[in-house]
Amino acid sequence: MNKRLTDIIAYLYWPGLLIAFLVGDRYASRFHLNQALVISIASTLVGVVAKWMPLFGWLIALVGGLFCALCWFIGIVNAIQGVEKEVPLLGQLHLL
């Protein structure tokens with residue numbers, strides 16, 4: 001897979017991230033792989049925390065879910081355009 005396709009597939013949640021990491025051009029796409037990984041982890045954590053909080057869980061799920069969706073949208077648009085621009089707040093975390 002070429003870099004642009006690997007960048008786009010990385011944003012397709014956990015299965016896409018795994019496929020992009022194993023099959024795609026992971027060295028050239030390291031930036032978008034990292035961004036997609038951080039967004040996926042944040043989304044999963046929002047879901048776990050929202051389920052754990054009995055009273056305000058719905059609010060955490062709403063705000064956190066909207067924020068993660070916005071970050072995902074910004075990330076996939078940047079991948080489609082071929083731009084390496086960090087998503088808000090989460091983009092500053094580097095795991096890869």
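Predicted, not measured: the structure shown is a model, and the values here were computed from it.

(A) Structural view of the side chain of S29. The topology assignment puts S29 in the loop between α2 (13-23) and α3 (30-52). At a separation of 2.8 Å, a polar atom in the side chain of S29 contacts the side chain of D7. Excluding anything up to four places from it in sequence, S29 contacts K3, T6 and D7.

(B) The arrangement of the packing of α3 against helix α4 (residues 57-81) in detail. Look at α3 against α4: their axes get within 9 Å of each other, and the N-to-C directions meet at 170 degrees. Classified by the angle their axes make, α3 and α4 are roughly antiparallel. The handedness of the crossing between α3 and α4 comes out as left-handed. For the pair α3 and α4, contact is made by H32, I39, A42, S43, V46, V49 and A50 and by G57, I60, A61, G64, G65, C68, C71, W72, G75, N78 and A79, respectively. Grouping the amino acids of the contact of α3 with α4 by side-chain chemistry returns eleven nonpolar, seven polar and no charged.

(C) Summary view of helix α1 (residues 3-10). Of all the residues in α1, the buried ones are T6, D7, I9 and A10. Where α1 is buried, its residues touch α2, α3 and α4.

(D) Seen up close, the side chain of H32. By secondary structure assignment, the location of H32 is in helix α3. Beyond its immediate chain neighbours, meaning those up to four positions away, H32 contacts K3, D7, A10, Y11, G75, N78, A79, V83 and E84.

(E) Spatial organisation of the nonpolar core. Of all hydrophobic cores here, the largest spans 18 residues; its most connected members are A10, Y11, L17, I39 and L90. Going through the elements one at a time, α1, α2, α3 and α4 are the ones with two or more residues in this core. The dominant element in this core, judged by the number of residues it contributes, is α3, at seven residues. The contact partners of A10, leaving out residues within four places of it in the chain, are G16, L17, A20, H32, L33 and A36.

The rules behind the values
- Residues numbered from 1 in each chain as written.
- Predicted model: local features only at pLDDT ≥ 70, side-chain atom pairs only at ≥ 80, totals over all residues.
- Heavy atoms only, no water.
- Helix = DSSP H or I, 4+ residues; strand = E, 2+ residues; numbered from the N terminus.
- Polar contact = N/O pair within 3.5 Å; in protein donor to acceptor, adjacent residues only side chain to side chain.
- Contact = heavy atoms within 4.5 Å.
- Axes fitted to C-alpha atoms, helices over the stretch in contact; angles between N-to-C directions.
- Parallel < 35°, antiparallel > 145°, perpendicular 65-115°, else oblique.
- Left-handed = near helix turned anticlockwise from the far one by under 90°.
- Nonpolar A, V, L, I, M, F, W, Y, C, P; charged D, E, K, R; others polar.
- Buried < 20%, exposed > 50% of the residue type's maximum accessible area, 1.4 Å probe, protein only.
- Core = buried A, V, L, I, M, F, W, Y, C linked by side-chain atoms within 4.5 Å.

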